[in-house]
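# Commentary on secondary and tertiary structure
Chain by chain, the residues:
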Amino acid sequence: MSLMKTLLLLAVPTVSALEWADGTGKLPALGWNSWNAYHCDINETLILDAAKAMVEFGFKDAGYEYVNLDDCWSVKSGRDNETQQIIPDPVRFPNGISGLADQIHELGFKIGIYSSAGTATCAGYPASIGYESIDAATWAAWSIDYLKYDNCNVPSNWTDECEACVYSLGNPDEYVNGTCVDPEKYCPAGYDYSASNSARRYEIMRDALQAQNRTILYSLCSWGTAGVEQWGNQTGNSWRMSGDIGSGFSSIASILNMNSFILNDVDFWGRPDADMLEVGNSGINLAEQRTHFAFWAAMKSPLLIGTNLNTASDDAKSILLNEHLLTFNQDDVYGAPAKPYKWGTNPDYTFNASNPAEFWSGESQKGTLVLMLNTLADSRNMTADFGEIPQLVGDATYSVLDIWTGDGLGSFESSITVEVASHDTAAFLITP
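This part takes up the overall build of the protein chain. Counting its regular elements, the protein chain contains twelve helices and 18 strands. Its C-alpha radius of gyration of 21 Å places the protein chain within 12% of the 22 Å reference for a compact globule of 432 residues. A total of 432 residues make up the protein chain; the buried ones form 55% of that total. Partitioning the intrachain contacts of the protein chain with sequence separation of at least 6 by distance along the chain shows that 72% fall at a separation of at least 24. Carbon and sulfur atoms make up 46% of the accessible area of the protein chain, which amounts to about 17200 Å² in all.

Take a look at the structure:
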């Protein structure tokens, strides 16, 4: 058995998931985040315009519910000398974050905020380590509903005694089939990452949030480090499984490849976060945007839009509003994600950032979701063989619906073959 197959089959230690009494976090979060489109150039008007666009273009009706501020919402000089609270930028947010939250709630959405488990955020603004209780209470008083908690500027007394091996697209020569080639640089096999300083940093904020009289969904942004797959589910509602997403297809394929090996134990109440969506932004064509959204939805990742909806193309908005993929992502009976049933271009269980697993399936109330990704440079015919799909029977006849067009394609016996363009994904809903 290959090393990556062994890793795929290993069970993550059983832990209690972070569950909120009102059901928050049972399903992946749906919403919008400011960072991918605007980075630090945010203000009250821009955030409200984004929320209004979500109403106007049908995203609220489709189930998107969070409007999230990312980094740079506060003053950069420090905290309030008396209260020790982080101070909202009075120029960018003249009504404060509390006033913005009131307006977001009036539009029917929830609001999210950002901080980091370090001395400063990634952009250098005040962060929350050492101030967890103050910040959690402040956000609850401001009626915040969601926290993205980043991993920048960790002080030396909180660093871990050793590092976990995490794949990086920028340093591919350091890995063989997803395994670090220099194990002496990293924590030993069998290391208990749940006892790490990183786990503790994030647990402290979890406890502070749970001490409030308000539910605040907790999104860990630890970049896949410190063996977060061991402790993320008991600590947060989602946990980033990689470094930041980039705007090109190579980044999307790399994250898809990494996530394909850690989905076996994903279900309700917690999930790896494949990062915010790039659909609608430059750098990826429409075929690649379809693939990006289809797999993020199928993997049950949180779906946080990262584009300016007022300028996004109708095609991009149509992808983000795809009814069938949103329904699969938000299925309240089947919590498990779609998973690879065949790698395709490469032998099964091959860790390859350019050609990840191409054939996927997942069970839902509406039927079996089947995805076929063409990772190659040219169009090609691809076949979904029913006998290879775990949820189907090989010699049976099934009805097939094209998820992108919404058209029923008819009944097929044993298999269906379609032409798939480069970097595009054929997506079907298959029912008896």
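Text resumes after the structure shown.
Okay, helix α9 (residues 249–259) next. Counting buried residues in α9 gives ten out of eleven residues, a clear majority hidden from the surface. Along α9, the positions that sit buried rather than exposed are F249, S251, I252, A253, S254, I255, L256, N257, M258 and N259. Against the buried residues of α9 lie β9 (271–273), α10 (286–298), β12 (359–364) and β13 (367–373).

Let us now look at helix α6 (residues 132–141). Those residues of α6 that fall on the buried side of the exposure criterion are E132, D135, A136, T138, W139 and A140. Buried residues belonging to α6 abut β3 (110–116), β4 (146–150) and α7 (197–210). Directly beyond the C-terminal end of α6, a positive phi value near 70 degrees is found at S143.

What follows is about the sheet that holds strand β15 (residues 397–402). With antiparallel pairing, six strands are arranged side by side in an open sheet as β11-β12-β13-β18-β15-β16. On the outer flanks of this sheet lie β11 (339–342) and β16 (408–413), each paired with one strand and no other. Averaged over all adjacent pairs, the angle separating strand axes in this sheet is 30 degrees, with direction ignored. Pairing analysis gives four bridges linking β15 to strand β18 (residues 425–431), with the strands arranged antiparallel. Directly across from L401, in β18, lies its bridge partner L429. Across the sheet, α10 touches β12, β13 and β18, and the angle it forms with β13 is around 140 degrees.

Our next topic: the sheet that holds strand β2 (residues 66–68). Read from one edge to the other, the open sheet built from eight strands follows the order β9-β8-β7-β4-β3-β2-β1-β10, with strand pairing classed as parallel. A single partner strand is all that each edge strand has here, and the edge strands are β9 and β10 (303–305). Recorded for the sheet is a direction-independent mean angle of 25 degrees between the axes of neighbouring strands. When strand β1 (residues 30–33) meets β2, the two strands line up parallel, connected through three bridges. Paired with N33 across the strands is N68, a residue of β2. Against the sheet, α7 engages β4 and β7 (217–220), with an angle of about 165 degrees to β4. Strands β7 and β8 (238–240) of the sheet are contacted by helix α8 (residues 228–235), whose axis makes an angle of about 145 degrees with β8.

The buried fraction of β18 amounts to six of the seven residues, a majority that puts the element mostly inside the structure. Across six bridges, the pairing between β13 and β18 is antiparallel. The residue bridging L373 from the neighbouring strand is T425, located in β18.

Now for the packing of aromatic side chains. Each aromatic ring pair is characterised by the separation of its centres together with the angle its planes make. Enumeration over the complete set of coordinates arrives at 16 aromatic pairs. Where W73 meets W142, the ring centres are 5.9 Å apart and the plane angle is 85 degrees; that geometry is what we call edge-to-face. Linking W73 in the loop between β2 and α5 (96–106) with W142 in the loop between α6 and β4, this pair joins segments that are 69 residues apart in sequence. Accessibility assignment for this pair places W73 and W142 in one class, buried. Ring geometry for Y149 versus Y218: centroids 6.1 Å apart, planes at 45 degrees, classification tilted. Of this pair, Y149 sits in strand β4 while Y218 sits in strand β7, and the two are 69 residues apart along the sequence. For the pair Y149 and Y218, a shared accessibility class is recorded, and that class is buried. Pairwise contacts between aromatic rings join Y167, Y175, F261, W343, Y349 and F351 into one cluster. If you follow K26 out to its NZ or CZ, it ends over the ring of F268, 4.8 Å from the centre. Of note, K317 hangs over the ring of F57, and the distance from its end group to the ring centre comes to 4.5 Å.

Turning our eyes to something else, we now look at the confidence of the model for the protein chain. Low pLDDT means the predicted coordinates in that region are not meant to be read closely. This prediction gives the protein chain a mean pLDDT of 94; 97% of its residues lie at or above 70. Predicted confidence is poor over residues 1–14, with pLDDT under 50, and the contacts of this stretch with residues over four places away or in other chains come to 23 contacts.

Here the focus is the state of the cysteines. Evaluated as defined, the whole model comprises four disulfides. Here C40 connects covalently by a disulfide to C72, the sulfurs 1.7 Å from one another. Note that C40 is positioned in the loop between α2 (35–38) and α3 (44–56) and C72 in the loop between β2 and α5, a separation of 32 residues in sequence. For C72, a relative accessible area of 1% gives the class buried. A sulfur-sulfur separation of 2.0 Å characterises the disulfide bridge that pairs C122 with C152. Handedness here is read from the sign of the S-S torsion; for C122 and C152, about 95 degrees, the answer is right-handed. Placement of the pair is C122 in the loop between β3 and α6 and C152 in the loop between β4 and β5 (175–176), with a sequence separation of 30 residues. Assessed through its relative accessible area of 40%, C122 is described here as partly exposed. You can call C152 buried: its relative accessible area is 13%. The closest cysteine sulfur to the non-disulfide-bonded C221 is located on C122, 6.9 Å from its own sulfur. C221 sits in the buried class, given a relative accessible area of 1%.

What counts and what doesn't
- Residues numbered from 1 in each chain as written.
- Predicted model: local features only at pLDDT ≥ 70, side-chain atom pairs only at ≥ 80, totals over all residues.
- Heavy atoms only, no water.
- Helix = DSSP H or I, 4+ residues; strand = E, 2+ residues; numbered from the N terminus.
- Rg over C-alpha atoms; globule rule 2.2 N^0.38 Å.
- Buried < 20%, exposed > 50% of the residue type's maximum accessible area, 1.4 Å probe, protein only.
- Contact = heavy atoms within 4.5 Å.
- Areas by Shrake-Rupley, 256 points an atom, 1.4 Å probe, with all protein chains shown as cover.
- Pairing = 2+ DSSP bridges.
- Axes fitted to C-alpha atoms, helices over the stretch in contact; angles between N-to-C directions.
- Phe/Tyr/Trp six-rings, centres within 6.5 Å; stacked < 30°, edge-to-face > 60°.
- Lys NZ or Arg CZ within 6 Å of the ring centre and 35° of its normal.
- pLDDT = per-residue confidence, 0-100.
- Disulfide = S-S within 2.5 Å.

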